[in-house]
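# Architecture at a glance
What follows is each chain in one-letter form.
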Amino acid sequence: MGASLMLAGISGCARRLPDQLVSRADAPGSPAIPELAWYATAVPWHGYARGALVRVARGRPTLLEGNPDHPESRGALDAVSQASILSLYDPERSSTPQRAGRTSSWDAFSADWRKQREELEKSRGAGVALLTAPTTSPTSLAEIGALLKQWPEAAWYQYSAMPDYERGGGVDFDFSRTRTILTVGSDTFFEHPASLRRVREFTRRRGVGRHPGARLFALEATPTLTGMRADLRLAAPPHRFGPVLAAIAHAVDRRPGDVTGLSVRETEFVQAVFQALQMEAPAICVAGETESESVQAWSRTFNARFGGDAMRTRSTTRSDHDPRCRGGVDALLADLRSGRIREAIITGCNPVYSSASGAELAKALRELGTGIHLGMYVDETAAGCAWHLPEAHFLESWSDLRCFSGEATVMQPVTEPLGNGRSMAEVIRFLATGEWTNSYDLVRKTWSAGGDESSERNWANSLRRGVVDEVPSAPPVPASAVAWPTWVEAEAPGFTAFFRPDPNLHDGATANNAWLQELPRPFTALTWENAVLVSPADGRAMGIETGDVVRCEVDGVSLEGAAWLLPGQAERCLTLHLGHGRSTSGRVGQGRGFSVQALRPSASPWERRGVSLQRTGRRQTLASTQRHFQTEGREPVRSVDPGGKVRREDARATLLEAWPSVGHAWGMSIDLETCFGCSACVVACQAENNIPVVGREQVLLEREMHWIRIDRYYVGEAEDSRVLHQPVPCMQCENAPCELVCPVGATVHSSEGLNDMVYNRCVGTRYCANNCPYKVRRFNFLDFRPPSGSSEYLRTNPRVSIRERGVMEKCTYCVQRIDAGRIVAERERRPLRDGEIRTACQQACPVGAIVFGDLADLASAVSVRRRDDRNYAFLEELGTRPRTTYLARIERRGAGKARS
């Protein structure tokens, strides 16, 4: 109702009709209940599609989960995609057109453009520049093509602040068919449009038995989640990549004596890779999108020799390789300076903030004075344009996208627009024709095949499944003999600075998303800000400690930021993350951290050499949720050799009586061998259970509220360190220390083994938190509840209570999903099936590391894991008997034993 009332007075064409949507009959992730509906769509991921299911509760979309029918997501969804639903309800999202910074209307813009269009028709579009973000949308590309056909003198430019994921040359990989994987500066399991599919294929291929399974080797300068998961990882500066890769090539060609000049660690790495290549199975090399062309060429040669049937030819590519495109921001800037551009239309990107030429582009746009900007926020680029137009959220309008492997998804809206935005396809159609056409008609035209009964069935099936069945399977890449490329890179003076997308904010487009701002980063656990990542060796040599403010300078340009000493970082290398230091992104993201654009060169935006690093003498307290990263001789994360057994503690005597087992006995198992710390479970839990955001100041006071934390432990030498990740929810102890000390009986034990919280009993003594050895309880020091009439309130899950100030809260095993599953089973007069109830964290996990089920059912998946030789309980020596247990990590040959 709140969303509908906001629509009063909105003029323009209708967005959709209720009978045009098609919901799913099944409900993966949680059982179907009457007030819930599920719709298939896709989450845009920098021009690609990630298949998703949207849960709509009482007319309001409240949750995004992975679509099990989609070839890329396969039932999982990453943290950034899940958090995109929060942006739908962002009260600072643009909802009204603006002219010169003042509120206007679509009618006023329409009238203004129709006058300009008459002149453009005469000149065949001369002077018009269209700058878009790269996309795979067939409908949007069709509209761009129609505009360029109508106005052949118009120029089309494309820009993305993210890396070019098409540098692989139209080749995709099947990780389920390979035994050896070599990554060179690539985070293919986390920062890639196909990461969800690739990490799941790798995990299944890797196996947990005695056979070697898939072997992973990583050569990189700055830690990545993929690299830290490798059996053997080599941290090296970029000028050492050439000698190491050349040594591998020499070893493959049986040319001894050509591997001189390598260090001991480099030699061990080359020998380990060469030994793995002796297996009779395909091997692939994945080069990072930000790596040099020399590395890309070496990778292509490696794959031509060893890839075999693990390589596939991609059927589609993103539009940034369209021959009709004239270039990127630098090409547009040159045309603006020359005076050839009279009208600049910018949509889907923010080059003034995120490009290396942003300041010059802002000046050129202001001098032009006629720019049009379409976006979800009045951002830095919009500030220099005459018109700003609000863009519709992907859950508000019809659209389509292709995933990395080529399959298309029709994206259907699941709510009436909360603002007055329009889609890119609608706006481009209007620019070309002067008439508005709603997005449904545009998308339907793309996918209609005559309008007969068969076409209607295909359309409905595409909406129901979330995948359009029109792309054939990709054929294998034919093998070819290619010579190894050679190159020599001299060691540059000073430091090498790497510019990388932020793990949560990426290029800064989601800077106003509070979930992503507060989500701890993978290695530093930083929230709400960024830091200059420095190797521990360089920190010791220069007297730099974590929190010291340092100055990075090159060619007279400098920036300042707090340093973070990161184990695993290569020496003489700095890492600077994009997405921070926004000036006009909204109050949530404004002024968070520091911008790194000043140091980025246009010619090589991902790397800059010759950077000097200096201490300023100042310090800054960083908002991190974890202050200590060593195990100190303890074993929170245990490891075993392949086929080995974990050492278990002897059962401790206890005065507590065992809880009687009545009915179900819920339990959870987390496999640390497959978990790689992506934090998808953290955001899924936050979205499902209405967990609030507390802000940087509260994080500094150690008052974060996430019900699941990802503990990170560094093992090995600092220069060659690896990281172990351990998700820690409430352990649901059978002998729960928290229950013994609560004076009001707010924390109680259920008959099915859950450690329940009765919120209306809690008086906030926090005795339970003090007595919890796992520190998994959270206390609401402040009232974080959204106002009942706000747009943020519309997003909350109505099946979970919103906690008031002064109560303790924690993981509940998603008890609302347990109850819903029980109701459905009772209604259908049958017992609950194993796997029918899936917790939010389990549903989101892309590698299936989390399993939940009934321990009373000896055939259930969680019971099978309990009998595994790798099963152990966290702090089992305390005798708490937790219902959540772990499977130990497997340490394969060449990876090194986990040690603190």
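Quick notes on the rules
- Residues numbered from 1 in each chain as written.
- Predicted model: local features only at pLDDT ≥ 70, side-chain atom pairs only at ≥ 80, totals over all residues.
- Heavy atoms only, no water.
- Helix = DSSP H or I, 4+ residues; strand = E, 2+ residues; numbered from the N terminus.
- Rg over C-alpha atoms; globule rule 2.2 N^0.38 Å.
- Buried < 20%, exposed > 50% of the residue type's maximum accessible area, 1.4 Å probe, protein only.
- Contact = heavy atoms within 4.5 Å.
- Pairing = 2+ DSSP bridges.
- Polar contact = N/O pair within 3.5 Å; in protein donor to acceptor, adjacent residues only side chain to side chain.
- Salt bridge = Lys/Arg side-chain N within 4 Å of Asp/Glu carboxyl O.
- Phe/Tyr/Trp six-rings, centres within 6.5 Å; stacked < 30°, edge-to-face > 60°.
- Lys NZ or Arg CZ within 6 Å of the ring centre and 35° of its normal.
- Expected span 1.5 Å × (residues − 1).
- Axes fitted to C-alpha atoms, helices over the stretch in contact; angles between N-to-C directions.
- Parallel < 35°, antiparallel > 145°, perpendicular 65-115°, else oblique.
- Left-handed = near helix turned anticlockwise from the far one by under 90°.
- Disulfide = S-S within 2.5 Å.

### Side note on the overall build of the protein chain
When helices and strands are counted, the protein chain shows 25 helices and 36 strands. The C-alpha radius of gyration computed for the protein chain amounts to 27 Å, which stays within 12% of the reference 29 Å derived for 900 residues, consistent with globular compactness. Its C-alpha atoms give the protein chain principal-axis dimensions of about 90 × 75 × 60 Å. Sorting the 900 residues of the protein chain into buried and exposed places 61% on the buried side. Residue pairs at least 24 apart in sequence account for 74% of intrachain contacts in the protein chain once pairs closer than 6 positions are excluded.

### Let's talk about the pairing of strand β14 (residues 343-347)
Within β14, 5 of the 5 residues are buried, which leaves the element mostly enclosed by the surrounding structure. Of the two faces of β14, the one holding Glu 343, Ile 345 and Thr 347 and the one holding Ala 344 and Ile 346 are both buried throughout. Of the strand pairs in this sheet, β14 and strand β15 (residues 372-375) are connected by 3 bridges, and their pairing is parallel. The partner of Ile 346 across the bridge, within β15, is His 373.

### Details of unusual backbone geometry
With a phi angle near 55 degrees, His 46 is a residue other than glycine that sits in the positive phi range. Here His 46 lies in the loop between β1 (36-45) and β2 (48-57). Residues other than glycine seldom take positive phi values, yet Gln 732 does so here, at roughly 50 degrees.

### Observations concerning the sheet that holds strand β33 (residues 850-854)
Reading across from one edge, β33-β26-β35-β34 is the order of the 4 strands in this open sheet, with mixed pairing throughout. Strands with a single pairing partner mark the edges of an open sheet, and in this sheet they are β33 and β34 (871-872). The pairing of strand β26 (residues 666-671) with strand β35 (residues 884-887) spans 4 bridges and is classified as parallel. Paired with Asp 671 across the bridge in β35 is Leu 887.

### Description of helix α2 (residues 79-88)
In an α-helix, one full turn covers 3.6 residues, which means residues spaced three or four apart are oriented alike. Along α2, 10 of the 10 residues are buried, which leaves the element largely enclosed by surrounding structure. Those residues of α2 that fall on the buried side of the exposure criterion are Ala 79, Val 80, Ser 81, Gln 82, Ala 83, Ser 84, Ile 85, Leu 86, Ser 87 and Leu 88. Buried residues along α2 sit against β1, β2, β3 (60-66), α16 (514-518), α18 (680-688) and α24 (840-844). With a side-chain oxygen lying 3.4 Å from the backbone nitrogen of Val 80, the N-terminal cap of α2 falls on Asp 78.

### A word on the pattern of salt bridges
Summed over all chains, the structure comprises 52 salt bridges. Arg 117 serves as the salt-bridge partner of Glu 121, at 3.1 Å between the closest nitrogen and oxygen. Here Arg 117 and Glu 121 lie together in helix α3 (residues 106-123), a separation of 4 residues that amounts to about one turn. Linked by salt bridges that have partners in common, Arg 206, Arg 215, Arg 229, Asp 231 and Glu 673 make up one network.

### Remarks on the packing of aromatic side chains
Under the counting rule described, the total for this entry stands at 24 aromatic pairs. Centroid distance Trp 113 to Trp 151: 6.3 Å. Interplanar angle 50 degrees. Geometry classified as tilted. In this pair, Trp 113 sits in helix α3 while Trp 151 sits in the loop between α4 (138-150) and β7 (155-158), placing the two residues 38 residues apart along the sequence. For Trp 151, a relative accessible area of 1% puts it in the buried group. Judged by centre distance (6.2 Å) and plane angle (80 degrees), the ring pair of Tyr 440 and Trp 459 falls under edge-to-face. Highlighted residues: Tyr 440 in helix α14 (residues 439-447) and Trp 459 in helix α15 (residues 453-465), separated in sequence by 19 residues. The residues Tyr 440 and Trp 459 share a single accessibility class, namely buried. Taken together, Trp 106, Phe 109, Trp 387, Phe 430 and Trp 436 form an aromatic cluster joined through their ring pairs. Looking at Arg 766, its charged tip hangs above the ring of Phe 779, at a distance of 5.3 Å from the centre.

### Considering the pairing of strand β22 (residues 557-565)
On a regular strand, each side chain points to the face opposite its neighbour's, so the side chains alternate between the two faces of the sheet. In this structure, strand β20 (residues 532-534) lies alongside β22, joined through 3 bridges in parallel fashion. Considered in β22, the bridge of Val 532 is made with Ala 563. Here strand β21 (residues 548-554) runs beside β22; their pairing, made up of 6 bridges, is antiparallel. Its bridge partner being in β22, Val 549 is matched across the sheet by Ala 562.

### Some details on helix α9 (residues 293-306)
In this model, α9 (14 residues) spans 20 Å end to end at C-alpha, consistent with the 20 Å of a helix rising 1.5 Å per residue. Three or more residues of α9 are buried, namely Val 295, Gln 296, Trp 298, Ser 299, Thr 301, Phe 302, Asn 303 and Ala 304. Elements that come into contact with the buried residues of α9 comprise β8 (171-173), β9 (180-184), α7 (241-252), β12 (283-287) and β13 (311-313). With its phi angle positive at about 55 degrees, Gly 308 sits one or two positions after the end of α9.

### Description of the packing of α7 against α9
In the contact formed by α7 and α9, the axes pass within 11 Å of each other and the chain directions differ by 20 degrees. Classified by the angle between their axes, α7 and α9 sit roughly parallel to one another. Handedness of the crossing formed by α7 with α9: left-handed. Contacts between α7 and α9 pair Phe 241, Leu 245, Ala 246, Ile 248, Ala 249 and Val 252 from the former with Val 295, Trp 298 and Phe 306 from the latter.

### Side note on the state of the cysteines
Each disulfide consists of one covalent bond between the sulfur atoms belonging to two cysteines. Here the structure, examined in full by the defined rule, presents 0 disulfides. The closest cysteine sulfur to the non-disulfide-bonded Cys 349 is located on Cys 385, 10 Å from its own sulfur. Sulfur of Cys 742: no disulfide; nearest cysteine sulfur belongs to Cys 768 and is 6.4 Å away.

### Points about the sheet that holds strand β16 (residues 387-390)
The 7 strands are arranged β5-β4-β16-β15-β14-β6-β7 in an open sheet whose pairing can be described as mixed. What marks the edges here is a single partner per strand, and that holds for β5 (102-103) and β7. Taken together, the 2 bridges between strand β4 (residues 98-99) and β16 define a ladder with antiparallel strand orientation. Within β16, the residue paired with Gln 98 across the bridge is His 388. Sheet strands touched by α3: β4, β6 (128-132), β14, β15 and β16. Its angle to β16, the strand with the most contacts, is close to 125 degrees.

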